[in-house]
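Coordinate analysis (summary)
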Amino acid sequence: MSCSFAVSPSLRREFVNPVSHRFFAPARIYQPRSKCEISRRGFAFKGILASGVSIIGSSLVTEPGQGLERLPYKPEGYNYWTWKGHKIHYVVQGEGFPIVLIHGFGASAFHWRYNIPELAKRYKVYAIDLLGFGWSEKAIIEYDAMVWRDQVVDFLKEIVKEPAVVVGNSLGGFTALVAAAGLPEQVAGVALLNSAGRFGDATKGTNQSEETTFQKIFLKRLKEIFQRVVLGFLFWQAKQPARIESVLKSVYINASNVDDYLVESITRPAADPNAGEVYYRLMTRFMLNQSKYTLDSVLSKLSCPLLLVWGDLDPWVGPAKAIRIKEFYPKTSIVNLQAGHCPHDEVPELVNKALMDWLSTVILEASLQTL
């Protein structure tokens, strides 16, 4: 299913919700000192907007992956865990405080290939494949953001079994946030890399006219048939290696790391017999129905350290979104990088450094809280 990395640009933009007015602001790292406590009361929008946040400093740029150790590619995968009867793939390396890495839409644990070995020198690093992606099972279920939240929450409970920091890119970033809400006592901090998710639109009406019987039965069925034909073609097109390479190069500012390893890690899961059906369900029942899950509804309940490592040159999610997150949630650190949508793979050495610098403070604070 990972080939869905190459979904149509309009759907992709709708999901990651980039801010149209892009601008580049340098950043300093603001280090919060608070324990992660997220209200269990659900996602209720409070309309809190923090102000007076200054962002100063400089963006960083370098060549990708120079001299970094890379996670060996294994066609059979690494480790497997059974969750609710489904086979879930994950990688684990190192010892120490646990760090859980969550990939973006259409990717897998292998997308953290340059981060896992480096972070594992100091921490116990887990990288999990979300259900329907990568080497995890392509389950025929009704996909929803809360499915992945529940998966990550149970992974923290059953596999990690101790407080951890959760890190996510794109879809994995929003998953990290909602997982933290589902298990606040076990999440010491959250780091987002060009995260998916959108802020709520307070002006948008919620009332919808009732559907007629004709609309419910006939038009809905015709729409589904049309969608299956169109999306079936798009899925076939999306899983072609040349198409995947083209999409990756469009979001990697420096495309040096768009190589056979990366393309294979995306195309291989697409060969699963159920991959096409999962793609269809994601496109019709998940990607097009995101309005009820908003960043503000999650952030309004967050009190743990939050780090934003942002590729400012991302054509899908610009730096204005990171600034808006910080304005809404002041206890945020921002590191701006001259990179695209996947900075962890494009400029991994800079992302590794940003994570390690922030983690040292977060873990120290978490340790003091337990004394």
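Everything here concerns the structure above.
Quick look at the structure, then.

1. Details of the environment of Ala109
Locating Ala109 in the fold gives a position in the loop between strand 3 (98-102) and helix 2 (116-119). When its relative accessible area of 1% is taken as the criterion, Ala109 is described as buried. Distance from Ala109 to Gly134, taken between C-alpha atoms, is 7.3 Å for residues 25 residues apart in sequence. Apart from the residues lying within four places of it in its own chain, the contact partners of Ala109 are His89, Val91, His103, Ile116, Ala127, Ile128 and Asp129.

2. Examining the sheet that holds strand 3
An order of 1-2-4-3-5-6-7-8 is seen for the eight strands of this open sheet, with the pairing classed as mixed. Edge positions in the open sheet fall to strand 1 (79-83) and strand 8 (332-337), since each of these has one partner strand only. On average, adjacent strands in this sheet sit at an angle of 20° to one another, irrespective of strand direction. For strand 1 and strand 2 (residues 86-93), the ladder comprises five bridges, and the chain directions are antiparallel. Paired with Tyr80 across the two strands is His89, which belongs to strand 2. Packing of helix 4 (residues 171-182) onto the sheet brings it into contact with strand 3, strand 5 (164-169), strand 6 (187-193) and strand 7 (306-311), and relative to strand 5 it is tilted by some 150°. Together, strand 7 and strand 8 form the strand contacts of helix 10 (residues 319-328), whose direction differs from that of strand 7 by roughly 165°.

3. Brief notes about the packing of helix 6 (residues 241-251) against helix 7 (residues 260-267)
Each pair of packed helices can be described by the angle between their axes along with the distance between the axes. In contact at an axis separation of 10 Å, helix 6 and helix 7 are set at 115° when each is read in the N-to-C sense. In terms of crossing hand, the pair formed by helix 6 and helix 7 is right-handed. Contacts between helix 6 and helix 7 involve Pro241, Ile244, Glu245 and Leu248 from the first element and Leu262, Val263, Ile266 and Thr267 from the second. Class assignment of the residues belonging to the contact of helix 6 with helix 7 gives a composition of six nonpolar, one polar and one charged.

The rules behind the values
- Residues numbered from 1 in each chain as written.
- Predicted model: local features only at pLDDT ≥ 70, side-chain atom pairs only at ≥ 80, totals over all residues.
- Heavy atoms only, no water.
- Helix = DSSP H or I, 4+ residues; strand = E, 2+ residues; numbered from the N terminus.
- Buried < 20%, exposed > 50% of the residue type's maximum accessible area, 1.4 Å probe, protein only.
- Contact = heavy atoms within 4.5 Å.
- Pairing = 2+ DSSP bridges.
- Axes fitted to C-alpha atoms, helices over the stretch in contact; angles between N-to-C directions.
- Left-handed = near helix turned anticlockwise from the far one by under 90°.
- Nonpolar A, V, L, I, M, F, W, Y, C, P; charged D, E, K, R; others polar.

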